[in-house]
Amino acid sequence: MIGRLHSIADRMAGNRRLFLLCLLLFLFSFWIALWIAFPADVLQRRLVSEVVQQSGVKMQGRNASLLFPFGLEFDLKIFPTTPVLAPLDLQQLQVSPAWSSLVSGTPQIDLQGKLSGGRFDARADRNGTGTLWLRGVDIAPLQRTNQDYRVQGILNGDLNGEQLSAAMTGEGDFILQLRDARLLGLGRLGLPESLALGMLSLEGQFKERRLSIEKALLTEGALEMSGGGTLLVGETPEQTRLNLNVRLHPTASTPPGLRDLLNLTGVKPTADGSYLLRIGGTLARPAIR
């Protein structure tokens, strides 16, 4: 009798295992069929259309494909309204759910991809809270070539924000580092066309259009700099107002013409040879006091 009961229990356990195995195979086969047949292009167009509607920024997606198990990959071209910026090509942009956020009550999405020779990673939710990491981004191709002055360099950065939107709302903090920085377009000032700036480090906070630079440091180039201040960011350099306090210290590699320009400001050098400057005006026409 006991042996018969054991035999029945073994058969029931075996049937349960078989049922679970069949269920898993069915779900896996269903997902594979859905994944193969799902219209990735349609999903890409709907996603891009939603972002364009919310932000007002023109975008164009292409080369869509699905990611396993859940996600979408495509190339995205963004056409900024700011005249200084060239169209941005985000390559192999991957959009997927942030799995750890599904139990928090505020679902988030993860984004990652390639930008101008580097990489970016971001996480955002529907409330505008987000983080952004930039690594090895070449900023030269991100600027229009018809600008009077342009900056070259490789950008690394971290940004955290809340209530962010394309309308320049929200607040947060940032850390940026631009290595191998170089300023172009100085020939019209009687200086070398290209000026090596070295390493530029910026730390600060932002709230809506007000950018507070708490720490600015320039080293390893033709001129050393330290300081901070605020910028009221406009749509163009002419509309961006400056209120900066900086210390400029010439080095052995400072071009003679740049030394002459510093002397023409009317600011007397301090005992260590540095110049303490207050910079106002606009980004297009800075005024030194």
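Residues numbered from 1 in each chain as written. Predicted model: local features only at pLDDT ≥ 70, side-chain atom pairs only at ≥ 80, totals over all residues. Heavy atoms only, no water.

**Looking at the overall build of the protein chain**
So, point 1. Each helix and strand in the protein chain was counted, giving 3 helices and 14 strands.
So, point 2. In the protein chain, which comprises 289 residues, the share counted as buried stands at 31%.
So, point 3. Across the protein chain, the fraction of contacts at a sequence separation of at least 24, relative to all contacts at a separation of at least 6, is 38%.
So, point 4. In the form shown here, the protein chain has an accessible surface area of approximately 18000 Å², with 59% of it arising from carbon and sulfur atoms. (Helix = DSSP H or I, 4+ residues; strand = E, 2+ residues; numbered from the N terminus. Buried < 20%, exposed > 50% of the residue type's maximum accessible area, 1.4 Å probe, protein only. Contact = heavy atoms within 4.5 Å. Areas by Shrake-Rupley, 256 points an atom, 1.4 Å probe, with all protein chains shown as cover.)

**Here we look at the pattern of salt bridges**
So, point 1. Counted by the stated rule, this structure contains 4 salt bridges.
So, point 2. We note a salt bridge from Asp110 to Arg123, for which the minimum N-O separation is 2.6 Å. Here Arg123 lies in strand 5 (residues 118-125) and Asp110 lies in strand 4 (residues 108-115), a separation of 13 residues in the sequence.
So, point 3. A relative accessible area of 28% places Arg123 in the partly exposed class.
So, point 4. Between Asp158 and Arg135 there is a salt bridge, and its shortest N-O distance comes to 3.0 Å. A residue pair is termed long-range when its members are at least 10 positions apart, and Asp158 in strand 7 (residues 150-162) and Arg135 in strand 6 (residues 130-138) qualify at 23 residues. (Salt bridge = Lys/Arg side-chain N within 4 Å of Asp/Glu carboxyl O.)

**Concerning the pairing of strand 3 (residues 88-97)**
So, point 1. Pairing between strand 2 (residues 72-79) and strand 3: 6 bridges, direction antiparallel. From the neighbouring strand, Lys77 faces strand 3, where its bridge partner is Asp89.
So, point 2. In this sheet, strand 4 lies alongside strand 3 in antiparallel orientation, the contact comprising 6 bridges. Bridge pairing links Gln91 to Lys114 in strand 4. (Pairing = 2+ DSSP bridges.)

**Some words on the nonpolar core**
A general tendency of soluble globular proteins is for nonpolar side chains to be buried together.
So, point 1. Core analysis: the biggest nonpolar cluster contains 44 residues, and Phe74, Leu76, Ile78, Val246, Leu248 and Leu277 have the highest contact counts within it.
So, point 2. Ile78 has contacts with Val57, Lys58, Met59, Pro87, Leu88 and Leu90, leaving out every residue within four places of it along the chain. (Core = buried A, V, L, I, M, F, W, Y, C linked by side-chain atoms within 4.5 Å.)

**Details of a nonpolar patch on the surface**
So, point 1. A contiguous nonpolar surface patch, about 400 Å² in accessible area, is contributed by Tyr149, Leu189, Leu261 and Leu264.
So, point 2. In this structure, Leu261 sits in helix 3 (residues 256-264). (Patch = residues over 30% accessible without salt bridge, like charges linked within 9 Å, V, L, I, M, F, W, Y side chains within 5 Å.)

**A look at helix 2 (residues 40-55)**
So, point 1. When the terminal C-alpha atoms of helix 2 are compared, their 22 Å separation across 16 residues agrees well with the 22 Å that a helix rising 1.5 Å per residue should span.
So, point 2. Taken together, the buried positions of helix 2 are occupied by Ala40, Gln44 and Val48. In a view along the axis of helix 2, the buried residues occupy a sector of 60°, so they form one face of it. For helix 2, the exposed residues lying more than 90 degrees away from the buried face are Arg45, Arg46, Gln53 and Gln54.
So, point 3. Looking at the residues trailing helix 2, positive phi occurs at Gly56, about 80°. (Expected span 1.5 Å × (residues − 1). Arc of directions from axis to C-beta.)

**Looking at the environment of Arg247**
So, point 1. Locating Arg247 in the fold gives a position in strand 12 (residues 241-250).
So, point 2. A residue is classified by how much of its surface remains accessible, and Arg247, at 25% relative accessible area, is partly exposed.
So, point 3. Along the chain, Arg247 and Gly227 lie 20 residues apart, while their C-alpha atoms are 6.1 Å from each other.
So, point 4. Contact partners of Arg247, with chain neighbours within four places excluded, come to Glu224, Met225, Ser226, Asp272, Ser274, Tyr275 and Leu276.

**Digging into the packing of aromatic side chains**
So, point 1. Counting across every chain of the model gives 0 aromatic pairs.
So, point 2. Over the ring of Phe79 we find Lys58; its NZ or CZ atom is 5.2 Å from the centre of that ring.
So, point 3. Here the basic side chain of Arg188 rests over the ring of Tyr149, its NZ or CZ set 5.5 Å away from the ring centre. (Phe/Tyr/Trp six-rings, centres within 6.5 Å; stacked < 30°, edge-to-face > 60°. Lys NZ or Arg CZ within 6 Å of the ring centre and 35° of its normal.)

**So, the confidence of the model for the protein chain**
So, point 1. Looking at the protein chain as a whole, its pLDDT mean stands at 84, while 83% of the residues score no less than 70.
So, point 2. Per-element confidence in the protein chain is highest for strand 6, whose mean pLDDT is 96, and lowest for helix 1 (residues 2-37), whose mean pLDDT is 52.
So, point 3. A low-confidence stretch, residues 8-13 (pLDDT under 50), is modelled with 0 contacts involving residues beyond four sequence positions or located in other chains. (pLDDT = per-residue confidence, 0-100.)

**Quick look at the environment of Leu191**
So, point 1. Relative to the assigned elements, Leu191 resides in the loop between strand 8 (171-184) and strand 9 (194-207).
So, point 2. Classification of Leu191 by relative accessible area gives buried; the value is 11%.
So, point 3. When the C-alpha positions of Leu191 and Pro255 are compared, they lie 7.5 Å apart, and in sequence the two are 64 residues distant.
So, point 4. Excluding anything up to four places from it in sequence, Leu191 contacts Leu186, Gly257, Leu258 and Leu261.

**Details of the environment of Leu223**
So, point 1. In this fold, Leu223 is placed in strand 11 (residues 223-232).
So, point 2. The exposure class assigned to Leu223 is buried, which follows from its relative accessible area of 10%.
So, point 3. Put simply, Leu223 and Gly198 are 25 residues apart on the chain and 8.5 Å apart in space, counted from C-alpha to C-alpha.
So, point 4. Discounting residues that sit within four places of it in the chain, Leu223 has contacts with Leu218, Leu248, His249, Pro250, Thr251, Thr254, Leu258 and Leu262.

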